[in-house]
Amino acid sequence: MRLRLFILALAGLALGAIAALAVLPGARERLFGPGPIATIGQALVGGPFSLVDQDGRPVTDADFRGRFMLIYFGFTFCPDVCPAALQLMAAAVDKLGAKGDQITPIFITVDPERDTPDALKPYVASFHARFVGLTGTSADIQDVARAYRVYARKVKDETAPGSYTMDHTSIIYLMGPDGRFVTHFTSGTPLETMAAQLAKAL
Ligand code: NI
């Protein structure tokens, strides 16, 4: 009888330790290996930000409460992946018709050095009239990238001596009216799939 109690106590301790590990950031990867970002947990993607829009106005995440944010991180000099993602976002929002007005498409630069408000303004407008372009200080951009688990790194541009390009994560995030992560897409998500999933989330 005593042995049984002892074994039960040990089992309880082991379960407790696993549960404690599982709630630590990054523990999921340690326990189960890397998985799709949607399964990592809503709380771990997103967070507060304090940036500047394409008109030079200060903007925070709180300004978007009550609306859906469709967010993509990239840079205006990006030759192909960023434009494809932004085109997809704009097309998906338009495909929803009037319902799409609940979603604000947002482009956050990972290259604040070149992507000033003046550089962002014509760029985002070329994709959608309601596109918001956000930039900030290097520290502000680093903070928001970290919050969204976005990786971005400056690399030498082999095609243009003396210039640079950016390696960066290419994920489109849908954040809910409460600012929390809802789901994500990639620049390769088919338009129909994305529009259908957005419609379901609204
Ligand atoms: Ni890009």
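Coordinates for the structure precede this section.
Residues numbered from 1 in each chain as written. Predicted model: local features only at pLDDT ≥ 70, side-chain atom pairs only at ≥ 80, totals over all residues. Heavy atoms only, no water.

Enquirer: Where do I start with the packing of aromatic side chains in this structure?
Expert: Each aromatic ring pair is characterised by the separation of its centres together with the angle its planes make. In this structure the tally under the stated criterion is 7 aromatic pairs. For the ring pair Tyr-173 and Phe-181, a centre distance of 6.3 Å and an interplane angle of 70 degrees mean the geometry is edge-to-face. Taking relative accessible area as the criterion, Phe-181 reaches 4% and is therefore assigned buried. Of the aromatic side chains, those joined through ring pairs into one cluster are Phe-73, Tyr-148, Tyr-173 and Phe-181. Its end group placed over the ring of Tyr-164, Arg-114 keeps NZ or CZ at 3.7 Å from the ring centre. Lying over the aromatic face of Tyr-164, Lys-154 brings its terminal NZ or CZ to 4.4 Å of the ring centre. (Phe/Tyr/Trp six-rings, centres within 6.5 Å; stacked < 30°, edge-to-face > 60°. Buried < 20%, exposed > 50% of the residue type's maximum accessible area, 1.4 Å probe, protein only. Lys NZ or Arg CZ within 6 Å of the ring centre and 35° of its normal.)

Enquirer: What should I look at first to understand unusual backbone geometry in this one?
Expert: Leaving glycine aside, a negative phi is the common case for residues, and trans is the common case for peptide bonds. At Arg-149, a residue that is not glycine, the phi angle is positive and equals roughly 55 degrees. With respect to the helices and strands, the residue Arg-149 is situated in the loop between helix H5 (138–147) and strand S6 (152–156). (Helix = DSSP H or I, 4+ residues; strand = E, 2+ residues; numbered from the N terminus.)

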